Amino acid sequence: AGGAAVLAHEVCRGAEHVKQRLAEVEAAGGEGLILRHPTAAHRGGRTTDVLKVKSKKDDEALVIGHEPGKGKHEGRLGALLCKLRSGVTFKVGTGFSDAEREDPPPVGSVVTFQYFELTEARVPRFPAYQRVRPDVAASDFR
């Protein structure tokens, strides 16, 4: 009933090996890989001896609004309110330069964003702004 399991360790043979194993793990429903420096002792917390490797995906979304910033972003963009082609709405609040926060993509424009996966509700998890897509029609979105 969902307890802990010991996983086999494997020596990394290079970048292609990591890509191959990552594809296999993701195809089996896994999130990604954990790479550990081979001589590093286990330590709690964050460390440079351990690296999480996950694939990123990208998609486009229609900008339907702007959410004002808070704290250091007060007075400029906090997040874009966006809509996918499926009609799902969500916020994109990271990935912007200071100049883009001062002059954000306008409502009605289409943007590309990166994300790690979709939630069960089909919402992008950890979306990050990439760029405006003037070549994609806003009419593609419901």
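For the structure itself, look to the data block above.
Residues numbered from 1 in each chain as written. Predicted model: local features only at pLDDT ≥ 70, side-chain atom pairs only at ≥ 80, totals over all residues. Heavy atoms only, no water.

A. A look at the overall build of the protein chain. Assigned secondary structure in the protein chain consists of two helices and nine strands. Put simply, the protein chain runs from its N terminus to its C terminus through helices and strands in the order α-β-β-β-β-β-α-β-β-β-β. Computed over C-alpha atoms, the radius of gyration of the protein chain comes to 19 Å, more than 25% over the 14 Å expected from 2.2 N^0.38 for 142 residues, which places it beyond the range of a compact globule. Oriented by its inertia axes, the alpha-carbon framework of the protein chain measures out at about 50 × 35 × 35 Å. (Helix = DSSP H or I, 4+ residues; strand = E, 2+ residues; numbered from the N terminus. Rg over C-alpha atoms; globule rule 2.2 N^0.38 Å.)

B. Examining the side chain of His17 more closely. Inspection of the secondary structure puts His17 in helix H1 (residues 15-27). At a separation of 2.8 Å, a polar atom in the side chain of His17 contacts the side chain of Glu10. Non-local contacts of His17, meaning those with residues more than four positions away in its chain, are made with Glu10, Val11 and Cys12. (Polar contact = N/O pair within 3.5 Å; in protein donor to acceptor, adjacent residues only side chain to side chain. Contact = heavy atoms within 4.5 Å.)

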